[in-house]
Structures are given as structure tokens and as C-alpha cells.
Amino acid sequence: MSEDNAQNAQIEQAVKKPEKLGVKNWVIIWVAGLAGQLAWNIENQWFNTFVYAKIAPDPSIITWMVAVSAIISTFSTFLSGTGSDRAGRRRPFIAVGYVLWGVFTIVFGLTEFLPNSNIVAAATMVVVADAVMSFFGSVGNDAGFNPWTTDITNAGNRGSLGAAISVQPVLATIIGSLGGGFIIQSLGYIWFFVIMGVFVIGVGIYCAFTIKEGASLKPAVDPKGFWHQFGQAFNFKLLLKNKLLLVVLCVFAMFFISFNIYFPHILNFFIYTYSYDEGMAGVLLGAGLVAAIPLTILAGKFINRQKFGAVVSAAVLMNMVGLAVMTLTQFSSNNRAALTATIIIATFFVGGGYMVFYQALMIWCKNLYPEEQRGQLEGVRLLFYVCVPMVFGPVIANPVIKAFGQPVTLYYDGVGIGGHSPSVELFYVALAIAALTFIPLFFAHRLQKKVEAGE
């Protein structure tokens, strides 16, 4: 039997006999998963508004912060993913990673008290603090928690897991946006970061005493040593042997390049372009996402039947519709009610498409991982899902904002600093890039059909 046939038979058997995850595992999935997404939400949204509020209205700072943290996160996942595979243990990585993740979330907040007389120095410290926090976030979440969820599931029940995990970023966005806006307005940025940091620390301690390793997890030790095993993750000749996984990862990369053109700037778009406060900006982002949550349940049923191509295609189209609707805000900016309604409709389609896309692609990738490289391949996935998109997306967005964004002047300790707020042109560019997702998706769908046919 060929390798593809053996893999296909394994998937079919798992689909026929899905195992229940159990209440304890589900509690951990929700507690640790949601805490991780809340921490990432803070970084991906409120760190960026923090830059405008405390440093300067300069998208270049956000570009550097997002790109450097993405590179560090990916390296961290490769490094600690290799370590967890060799140790045959995920729990220590989850516990230590989450605790330090929370600690450095608080440290990032403390950069508020740095003197901003030197913008370059202040911006550099913000980028460094974000990078350190991202390193430990990837240890706990990407190299620990994510492969642990793969260890305890199979192809037959990962659709349900995917539905839960894909909802978590949305819930985190809602909780983080609404709660963050309220806390920031009431107590300031520092208390928001302290509260969230303490919460993540608590979850790390909880995981240290509750997580049980997956039954299928065994130490995978390369006799040539750690660094040789680490280097195997960069051996793309091995990845080329699994052509379907490679092409699926390219689908991931293309979609999230589009996503990272607009998403790091979306709250600043609401706040500084359309003059909503932080609380209302969170409401605008959250309201449409709440309405889109049931879509993940429906998508999960098709994902469990391995209908990846159809689900992903529908998700990309839905996301594109949302981006197109968001561009219409320029025509309703003089009518507050119409503007608010347009934004909520747009976030419904953008968020729904994102949720279903992430849900389907995550499960598709997990089904293609060899058992002995699950931790390492989370690093490979992050290279395509985080590193490449979070470098290229903001790099594309930066000149667009500077060329088409609205000029703004913000005051810090009485000193005015000029810059630009994001504009609708971001969504036009993101829409064009999102359409390119269908190119690798076409080839992924063809390869999936060949695998299913045993070719």
C-alpha cells in the first residue's frame, strides 16, 4: 500500500470511529485556548492602538512590531516544538509558556511609562517588549497547546474541535474588544495589560496541574541530536514529499497576507478615521462576529466529512464580500447610523469568512501531519500562517496608509506628532490579494481528490 493510501485509510478509519474527548479535556481546550486567543487578541489589536495612543500615529511602528513578533514567534515554535517532540511532553511547555506570556504582557504595558521624547527609542522598546512576549506565547500556545490538541484527537472528531477553536478567536475579539475598550477608558492601558497578564499566568498554573498528555504521544528523538532534528523542519525537500500539505500551507499564507493588510489597523481605522472611541470600536468589531458564530457549527459538519475544498472556497468568498462592503463606508461616513450598520455587516462577512477558513485549514493541516512531527510542523504552519503573512501584509499596508490615509496630529504630553490614520484603500488591496487565494486552493483541491482516489 502506498504512503498516500495508508494515510487515507487511517483517516477513513478515524472518521468512522471518532473518540470522545471527555469533559476534562474540553474544559482545558476552552480555558487554555480562549486565554491564548485573548492574549493574541491584545497583541494583534490593542498593542496597535497603544502605539497610536502612547507613541506616535505612525503605521511604520506597527509594521515593525508585527513583523518582528511574527518572526520571533515562528522561530520560538520551531525551537520549542522540536523540544516538545523530543521530550514527548506538552504540559511543561504549555505551563511555563503561558506563565511567562502573562508576565511579559504586563511588561509590555509598562512601556507606557518610558519617556517619549525620543520616538525612535520608545518605538524600539515597544517592538522588543512585544517580541519577547510573543516568544513565550508561542512556547505555550503554538508549540505546546496546539500540538496537544492534535495529540488527543483524530480525523473523526477534529471538526468539532476545529469549530470550538475557530470560535475562540472571535470570542476573544469580542471579550478583548469590549472589555479592553471599557477598561482602557476607565483605568488606562496599563491596567488592561495587568488584568489580562494575571489571567494568562493563572491559566498557565492551572494547566500545570490538569493537563494529561495524549495517549499517542511518544518521544521522537533524532539520534543525530537536537539541532539536527530542529533543522529537519527547514528541510523543504521533506515537505515537498507531502505536496498536499505544502499546497494547503500556501493557501494559508495567501489568505493571511490579505488578512494582515487590514486587521492590525482595523481598530485604528474605526477610532482615528471615523472617530469612534475604544469601547464603540470594540462593539463594531464584535457585533458582526457574534452573528457569524453559527457558521462555524455548520462548517464543522462538512469538515468532518472532509469537504475541505468547498468549505474553504465558501469562506474566502464570504471574506471578500465583507472586504467589499467595508469599502462602502466611505460613502456613508456622513450618516452615523448608516456608517455603523455598514461596518457591522462588513464585520459579519469578514469575520465569518475568517472563522470558517481558519477552522477548515487548521483541521486540513492537522490531518496531514506525521505523528512524530506534530510539534515541529506547528512551526512549519506558523511560517506560512504567521511569519510570511505578518511580514508581507503590514509591509504592503504601510505605504498604502501613508499614501492614502487621512493626515492626523496626536498630542503626547502637549507635543503634537503628525501621522496618518488607515483608509478604505487597505480593504481594496486586501480584496485583491484575497482573490489570489483561489490559485493554490485549486491545486490543493485537485491533490486532495487524488489522495482520496488512492493515486
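This write-up is about the structure you can find in this document. If you're wondering where the values come from, they're calculated on a predicted model, not measured in any experiment.

Quick look at the packing of helix H14 (residues 308-327) against helix H17 (residues 425-435) now. Contact pair H14 / H17: the axes reach a minimum separation of 9 Å and the direction vectors enclose 165°. In this view, H14 runs roughly antiparallel relative to H17, as classed from their interaxial angle. Crossing of H14 against H17: the hand is left-handed. Contacts from Val316, Asn319, Met320, Leu323, Ala324, Met326 and Thr327 of H14 reach H17 at Phe427, Tyr428, Ala430, Leu431, Ala434 and Ala435. Among the residues forming the contact of H14 with H17, the class breakdown is 11 nonpolar, 2 polar and no charged.

Time to look at the packing of aromatic side chains. Enumeration according to the criterion identifies 37 aromatic pairs in this entry. Here the aromatic rings of Phe192 and Phe193 are separated by 5.7 Å at their centres, their planes lie at 40°, and the arrangement is tilted. Owing to a relative accessible area of 1%, Phe192 belongs among the buried residues under this scheme. A residue is classified by how much of its surface remains accessible, and Phe193, at 0% relative accessible area, is buried. Summarising the aromatic geometry, the rings of Tyr358 and Tyr385 are spaced 5.5 Å apart at their centres and angled 40° between planes, so their arrangement reads as tilted.

Moving on, we come to the packing of helix H10 (residues 243-262) against helix H18 (residues 438-452). The contact between H10 and H18 brings their axes to 9 Å, and the two run at 155°. It follows that H10 is roughly antiparallel to H18 by the angle criterion. Handedness of the H10/H18 crossing: left-handed. Within the contact between the two elements, H10 uses Lys243, Leu244, Val247, Val248, Cys250 and Val251 and H18 uses Pro440, Leu441, Phe443, Ala444, Leu447, Gln448 and Val451. When grouped by side-chain class, the residues that make up the contact of H10 with H18 number 11 nonpolar, 1 polar and 1 charged.

Here the focus is a nonpolar patch on the surface. Together, Val23, Val27, Val31 and Tyr206 make up a nonpolar patch on the protein surface, roughly 310 Å² of accessible area in all. Ranked by the residues each element gives to the nonpolar patch, the list is headed by helix H2 (residues 23-54), at 3 residues.

Quick look at the nonpolar core now. The biggest cluster of nonpolar side chains holds 134 residues, and the ones touching the most others in it are Tyr98, Phe252, Phe256, Phe270, Val312, Phe357 and Trp364. The element best represented in this core is helix H15 (residues 336-368), accounting for 16 residues. Residues within four places of Val312 in sequence aside, it is in contact with Val251, Phe357, Ala360, Leu361, Trp364 and Leu441.

Our focus in this paragraph is the side chain of Gln45. Along the polypeptide, Gln45 turns up in helix H2. Gln45 gets classed as buried once you look at its relative accessible area, which sits at 2%. When sequence neighbours within four positions are dropped, the list of residues in contact with Gln45 reads Thr173, Ser177, Phe263, Leu267 and Leu285.

As a further point, take the environment of Leu295. In this fold, Leu295 is placed in helix H13 (residues 294-304). A sequence separation of 58 residues divides Leu295 from Gly353, and the C-alpha atoms of the two residues are 8.9 Å apart. Residues within four places of Leu295 in sequence aside, it is in contact with Met318, Phe348, Gly352 and Val356.

Definitions and limits used
- Residues numbered from 1 in each chain as written.
- Predicted model: local features only at pLDDT ≥ 70, side-chain atom pairs only at ≥ 80, totals over all residues.
- Heavy atoms only, no water.
- Axes fitted to C-alpha atoms, helices over the stretch in contact; angles between N-to-C directions.
- Helix = DSSP H or I, 4+ residues; strand = E, 2+ residues; numbered from the N terminus.
- Parallel < 35°, antiparallel > 145°, perpendicular 65-115°, else oblique.
- Left-handed = near helix turned anticlockwise from the far one by under 90°.
- Contact = heavy atoms within 4.5 Å.
- Nonpolar A, V, L, I, M, F, W, Y, C, P; charged D, E, K, R; others polar.
- Phe/Tyr/Trp six-rings, centres within 6.5 Å; stacked < 30°, edge-to-face > 60°.
- Buried < 20%, exposed > 50% of the residue type's maximum accessible area, 1.4 Å probe, protein only.
- Patch = residues over 30% accessible without salt bridge, like charges linked within 9 Å, V, L, I, M, F, W, Y side chains within 5 Å.
- Areas by Shrake-Rupley, 256 points an atom, 1.4 Å probe, with all protein chains shown as cover.
- Salt bridge = Lys/Arg side-chain N within 4 Å of Asp/Glu carboxyl O.
- Core = buried A, V, L, I, M, F, W, Y, C linked by side-chain atoms within 4.5 Å.

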